[in-house]
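One-letter residues, chain by chain:
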Amino acid sequence: MTDVKAMTAGGSDDHSEGMSYLESIPRRLVTLYLPLALFLIVLLFPFYWMALTSIKPNEQLLDMERVSPFWTWEPTFQHIKKLLFESNYPRWLWNTMYVAAAATALSLFASVLAAYAIVRLRFRGAQTVGGLIFLAYLVPPSILFIPLATVVFQYGLFDSPFALILVYPTILIPFSTWLLMGYFKTIPYELEECALIDGASRWQILTKIVLPLSVPGLISAFIFCFTLCWNEFIYALTFLQSVQNKTVPVAIVNEFVDGDIYRWGSLMAGALVGSLPLVVLYAFFVEHYVSAMTGAVKE
Amino acid sequence: MVDVSNKSTAKAVGRRPPQQIEVSAWSQLKSNRTWLGYWFMLPALAILFLFLAYPLGLGVWLSFTDTRIGRGGVFIGLENYEWLQGDSIFWLSVFNTLLYTIVASAVKFAAGLYLALLLNKHIPFKALIRAAVLIPFIVPTVLSAIAFWWIYDSQFSILSWSLKKMGLITQNIDFLGDPWNARWSTIFANIWRGIPFVAITLLAGLQTVSPSLYEAATLDGATPWQRFRHITYPLLTPIIAVVMTFSVLFTFTDFQLIWAMTRGGPVNATHLMATLSYQRGIIAGQLGEGAAIATAMIPFLLGAIMISWFGLQRRKWQQGSDND
Amino acid sequence: MNDFTRRTFVKGSTALAGIGMLSGSALFDWAKAWAQTAPWKPEAGAKINLMRWRRFVEAEDVAFMKMVSAFKAATGVDVNVVNESFDDIQPKASVVANTGQGLDMVWGLYSLPHLFPQKCLDQTDVADYLGKKYGGWAPAAELYGKSGGKWIGIPVATTGGLMNYRVSSMQKAGFKEFPKDTASFLELVKALKKNNTPAGFALGHASGDANTWLHWALWSHGGQLVDKDDKVIINSPETAKALEFVKALYENFIPGTASWNDSSNNKIFVSGDLHLTSNGISVYVAAQKDNKAVADDMDHAYMPIGPVGKPTELHLAFPILTFNFTKAPNACKAFTAFMLEAENYNPWVEAAQGYLSHFLNAYDNNPIWTSDPKRTPYRDVSKRTLTPGGLGSLGEKAAAAVADFIVVDMFANYATGREDVKGAIAVAERQAKRIYR
């Protein structure tokens, strides 16, 4: 293993950008920086808008005549303070983390095993089972809402985080399994054959060869699963009831919409604060994401 | 794991195809790998069966009944479907769903791939930019939908305000009150949210493409487009197939975004099949009919997935999985 | 939940310094005495899970939670309150009704109990007790609360959907007082548009605002979705007239009303850009806090009377129901009655600042309705309101028709030009026939 890594690591530093350093600066400006800047502006503007709304005083929100809406000179931390210290926000954040982490771990565990079995064990009926797992995603959550509620009650999981931890994998497993199958397929089969000949068990092959080589895929799947759990709305809205069990998206909308009055400041502060831990986490992971590219398809 | 130092020699042995060794290793595998396979599948299948297949069966059954919330129904055969066949709102929602899915997925793919290629280049603050790009994907959808709703507000829209200040328009744009404006606005919000996922996953795929291939191609005088067309794209197809198939799925079954921004309005112009099924089934309590709308999504979904899956998946991958 | 309550207490105490309010310990003493004499003895160790709509006015919620803790002090019954937004109440309650677990009581809106009458506890004794003690129920109360001769829900209050207008703009448009009939109302809307002080009414899927004013528009012209035998009669010349009326209004509205939800008009009115709309009193309450100039210049009026010659208003009723599968039926009944006793109800309605209007006649005397004359019109909404069933029965069919926005979409279809009169009516008729089959 180690020498495979060493070998590929050598080849995957900045030379991977090909000949780009030969391009001239003005050319790069037009072909790279300009489009990239446009992308960033479009992708980040709503986020900036959220952040700005969360520190604007209320009276400036609906006033576009006297003050420029793009900036505020009198930022207020009242919305954020209200969010953090006068609501159950920390509790909701914890619930969300807990549910997302548990559901993601469960899904990745099940997906890794399933993907490996389908791609590499190719047991009898593997193709069929693979197809079935894929079909599982065809089930729109909006219709599973009522039957699932019945089921959740039957299993005695209502208003418990376990309802979400067990239900979320139904959305996550199909995708992660197929994503991981794609990555597993790119791992040279010879590596495994050799290991088998040397007497390694399937479990050892999986944990010592396949998984380390699939780190990029695992990170993709992790990012995908974790975010989806973090964002999930319908199920969390249905299966959880008490204030102290809710997850961030559901709780914020519930707490800061007073009938026909939206409390924009606190809503947006909630979106902001709820996203920041993830942004930090992801910044860290994207770093890994890049460095973990071990060139699995290399001959 | 096996002794690392042995690996290269073992590999050499494996490469040389010595028939007898391989046969014995394989036969040893065959004897138990089916059972092993089943064990490996167990966690995934158990969860999917208990929390998906079983409720799904319940849901399909519901679509053949006249169940309402709070009381059971009786079997009425295809009545719900017959009713939907003549329902103009249902067909409008089918149209909206297809439009939404096709336009949003196509743009997400094109823009996502473009962004992935840009991010794959040598740029300063690479990690920071990559993380920033993911932000739309990270913010809880409901809240970003509310933020978009605020940005599209009929009165206090920042977009209208800016365009007015620039002198390009004199009246506020009615983003969500006019049927076509509302469709494009919601599609844009969906694209905004979907691009990061497509881009970052494709970026992961791009990183696995060996730079030596580019170097060779560049030395042969290939243009950037040729390099993309003949190296990047073919090597990327497996990942593209997966990403796009799921992108189509997510777009097709999108619910939160529409529900938070328009509730299917104005005048049902942005109702997707998922939101219509929720409105009829849950809000209005006609569970049977709602279930029928949801079940009716399945053939459309299957079609969309077939196209994105088999259309994008090239023979190469299939060969790869069939031969080795 | 506990520190939530304590916290909101502190915040709300100033808002509650109104009249007729018992101080903390006095309230507890009264509650204890009440529990001794009340006809319902809560089950030992009973616990109630109650879901209510998410407050519109913060002080109202504070007063409500105060009752909850007084009830606990008096009876030992824990009431666990869950707040949900308007639109989520109905699906959630339905799921619970379907599965038979999770909640004991729901305080919902419109005809919620009629969605699943067979799952509601018979509360006739509670209704009779309250009616006798507090001067009888307003007529609409029976329509909202009773099904098959039994009270399946207790109508706690109504929130009115009345005209909110800017006095100065109305005067500038040439009207001394708010129009009393639909024809001059249309003139007012046109004149407001001309003066660039436009009106606007929700035509989107706004479960409160759009349903109330569009049903008013339909009924005021004599249109009806169904007759008294639940036969669909929407296809009528009267409906066509109502459609023309709303289209004429829509053309003079501020742009964007087809996308409005319940919050849209509040926001624009408070900002000062909207000069006439229909809403509960929450606009006024918010304006007093955020934009005093608008609050001082605004007033409320009944909905104008149309060609049918009598008021045809629809307001948002809030009935409370108890599921018949609750383990503590007596505790639930006791709590329902407890809420509506004068010692609780008066300060509560006071705290709601006009947002909640009573169904029990004796509460007409609450000074909240006269201390600020701008609130007075909201006093009578429980007496003036019809039900979403129209002429027909108020049951799951009517509830489904309202929840599916049949009437709202019919008007929006025609007003925005998506369908002609015939087409708009045909779509509504087809849907209604299915629901009322």
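The next point concerns the overall build of chain B. The helix and strand inventory of chain B stands at 15 helices and 0 strands. Classification of the 324 residues of chain B by burial places 52% in the buried group. Within chain B, counting contacts between residues at least 6 apart in sequence, those at least 24 apart form 69% of the total.

With that settled, consider the overall build of chain C. Scanning chain C for helices and strands turns up 21 helices and 13 strands. On the principal axes, the C-alpha backbone points of chain C span a range of 60 × 50 × 35 Å. Across the 437 residues in chain C, those meeting the buried criterion constitute 61%. Contacts in chain C between residues far apart in sequence, at least 24 positions, make up 77% of those at least 6 positions apart.

Moving on, we get to the packing of helix H9 (residues 182-194) of chain C against helix H11 (residues 237-250) of chain C. Residues and elements named next belong to chain C. Where H9 contacts H11, the axes come no closer than 9 Å and their chain directions differ by 20°. Here H9 lies roughly parallel to H11, going by the angle between them. In the crossing of H9 with H11, the sense of the turn from one axis to the other is left-handed. Between H9, through Thr182, Leu186 and Val189, and H11, the contact on the second element is made entirely by Phe245, Ala248 and Leu249. Along the lines of polarity and charge, the residues of the contact of H9 with H11 split into 5 nonpolar, 1 polar and no charged.

We now examine the interface of chain B and chain C. Counting from both sides, the interface comprises 28 residues of chain B and, opposite them, 31 residues of chain C. At 4 residues, helix H13 (residues 273-283) of chain B tops the list of elements feeding residues into the side of chain B that touches chain C. Across the side of chain B that touches chain C, the residue classes tally to 9 nonpolar, 14 polar and 5 charged.

Residues and elements named next belong to chain C. If you trace the backbone, Asp181 turns up in the loop between helix H8 (167-172) and H9. Classification of Asp181 by C-beta neighbours within 10 Å gives partly exposed; the count is 14. Note: C-alpha distance between Asp181 and Gly306 (125 residues apart in sequence) is 5.6 Å. Each residue touching Asp181, except ones within four places of it in the same chain, is listed here: Pro304 and Ile305.

Another aspect to go through is the environment of Gln224 of chain C. All names here are of chain C. If you trace the backbone, Gln224 turns up in the loop between helix H10 (209-220) and H11. For the pair Gln224 and Asp420, spaced 196 residues apart in sequence, the C-alpha to C-alpha distance is 19 Å. Look past the residues within four positions of Gln224 in its chain and what remains in contact with it is Trp219, Ile233, Gly390 and Leu391.

Residue and element names in this part refer to chain B. Burial analysis of H13 places 11 of its 11 residues in the buried class, the great majority of the element. Taken together, the buried positions of H13 are Met273, Ala274, Thr275, Leu276, Ser277, Tyr278, Gln279, Arg280, Gly281, Ile282 and Ile283. Looking one or two residues past H13, Gly285 carries a phi angle of roughly 80°, positive in sign.

As a further point, take the nonpolar core. Grouped together as the largest cluster of nonpolar side chains are 348 residues, with contacts concentrated most on Tyr116 of chain A, Leu202 of chain B together with Phe411 of chain C. With 17 residues, helix H5 (residues 89-121) of chain A is the single largest residue contributor to this core. Apart from residues lying up to four places away in sequence, Phe411 of chain C is in contact with Leu203, Leu214, Ala217, Leu243 and Val246 of chain C.

Residue and element names in this part refer to chain B. In the Ramachandran plot, Arg263 falls in the positive-phi region, its phi being about 55° despite a non-glycine side chain. Tracing the sequence through the fold places Arg263 in the loop between helix H12 (256-261) and H13. Taking the number of C-beta atoms within 10 Å as the measure of exposure, Arg263 has 23 and is therefore buried.

Moving on to the sheet that holds strand S1 (residues 47-53) of chain C. Two orientations exist for strands paired in a sheet by backbone hydrogen bonds: parallel and antiparallel. Residues and elements named next belong to chain C. If you walk across this open sheet you meet the 6 strands as S2-S1-S3-S11-S6-S12, and the pairing is mixed. Edge strands, defined here as strands with exactly one partner in the open sheet, are strand S2 (78-84) and strand S12 (357-358). Where S1 meets strand S3 (residues 105-107), 3 bridges bridge the pair, whose relative direction is parallel. Counted as the bridge partner of Leu50 is Met105 from S3.

Looking now at the pairing of S1 of chain C. All names here are of chain C. For S1 and S2, the ladder comprises 7 bridges, and the chain directions are parallel. By the bridge assignment for S2, Ile48 is matched with Val79. Each parallel crossover has a hand, and the one from S1 via helix H3 (residues 58-75) to S2 is right-handed.

Mapped onto the elements of the fold, Met306 of chain B is located in helix H14 (residues 287-312). A sequence separation of 61 residues divides Met306 of chain B from Thr245 of chain B, and the C-alpha atoms of the two residues are 8.5 Å apart.

Residue and element names in this part refer to chain B. Mean pLDDT for chain B: 79, with 85% of residues reaching 70 or above. The least confident element of chain B is helix H15 (residues 315-323), whose mean pLDDT is 40; the most confident is helix H4 (residues 88-119), at 92. Note that residues 1-20 has pLDDT below 50 and, in this model, 28 contacts with residues that lie over four places away or in other chains. Overall, residues 315-324 carries pLDDT values under 50, and its contacts beyond four positions in sequence, including any with other chains, amount to 7 contacts.

The next point concerns the confidence of the model for chain C. Residue and element names in this part refer to chain C. On average, residues of chain C score 87 in pLDDT, and 95% of them reach the 70 mark or higher. Ignoring residues within four places in sequence, the model shows residues 1-20, a span with pLDDT below 50, making 29 contacts including any to other chains. In the predicted complex, the global pTM is 0.81; the interface-specific ipTM is 0.77.

Now for the sheet that holds strand S9 (residues 298-301) of chain C. All names here are of chain C. Strand order in the open sheet formed by 3 strands is S8-S7-S9, and the pairing between neighbours is antiparallel. Looking at the sheet topology across the chains shown, the edges are occupied by strand S8 (276-279) and S9. Direction aside, the axes of adjacent strands within the sheet are offset by 30° on average. Relative to S8, strand S7 (residues 162-166) runs antiparallel, the two being bridged by 4 bridges. Note that in S8 the partner of Tyr165 across the bridge is Leu276.

Across its 29 residues, helix H9 (residues 179-207) of chain B extends 42 Å between first and last C-alpha, which sits within 8% of the 42 Å expected from 1.5 Å per residue. In terms of burial, H9 of chain B is a largely internal element, 24 of the 29 residues being buried.

Residues and elements named next belong to chain C. Side chains of S9 alternate between two faces, with Met298 and His300 buried and Asp299 and Ala301 left unburied. Summarising the sheet, S7 and S9 pair through 4 bridges and their orientation is antiparallel. Each bridged residue has a counterpart across the sheet, and for Asn164 the counterpart in S9 is His300.

Moving on, we come to the packing of H10 of chain C against helix H20 (residues 406-415) of chain C. Residues and elements named next belong to chain C. Running from N to C, H10 and H20 point in directions that differ by 70°, and their axes come no closer than 9 Å. One element, H10, and the other, H20, form an angle in the roughly perpendicular class. Contacts between H10 and H20 pair Ala210, Asn211, Leu214, His215, Ala217 and Leu218 from the former with Val407, Val408 and Phe411 from the latter. Grouping the constituent residues of the contact of H10 with H20 by class yields 7 nonpolar, 2 polar and no charged.

Rules and cut-offs
- Residues numbered from 1 in each chain as written.
- Chains lettered and ligands numbered in written order.
- Predicted model: local features only at pLDDT ≥ 70, side-chain atom pairs only at ≥ 80, totals over all residues.
- Helix = DSSP H or I, 4+ residues; strand = E, 2+ residues; numbered from the N terminus.
- Buried ≥ 20, exposed ≤ 12 C-beta atoms within 10 Å, placed from the backbone.
- Contact = placed C-beta atoms within 7 Å.
- Axes fitted to C-alpha atoms, helices over the stretch in contact; angles between N-to-C directions.
- Parallel < 35°, antiparallel > 145°, perpendicular 65-115°, else oblique.
- Left-handed = near helix turned anticlockwise from the far one by under 90°.
- Nonpolar A, V, L, I, M, F, W, Y, C, P; charged D, E, K, R; others polar.
- Core = buried A, V, L, I, M, F, W, Y, C linked by C-beta atoms within 7 Å.
- Pairing = 2+ DSSP bridges.
- Right-handed = clockwise from strand over helix to strand, strands pointing away.
- pLDDT = per-residue confidence, 0-100.
- Expected span 1.5 Å × (residues − 1).

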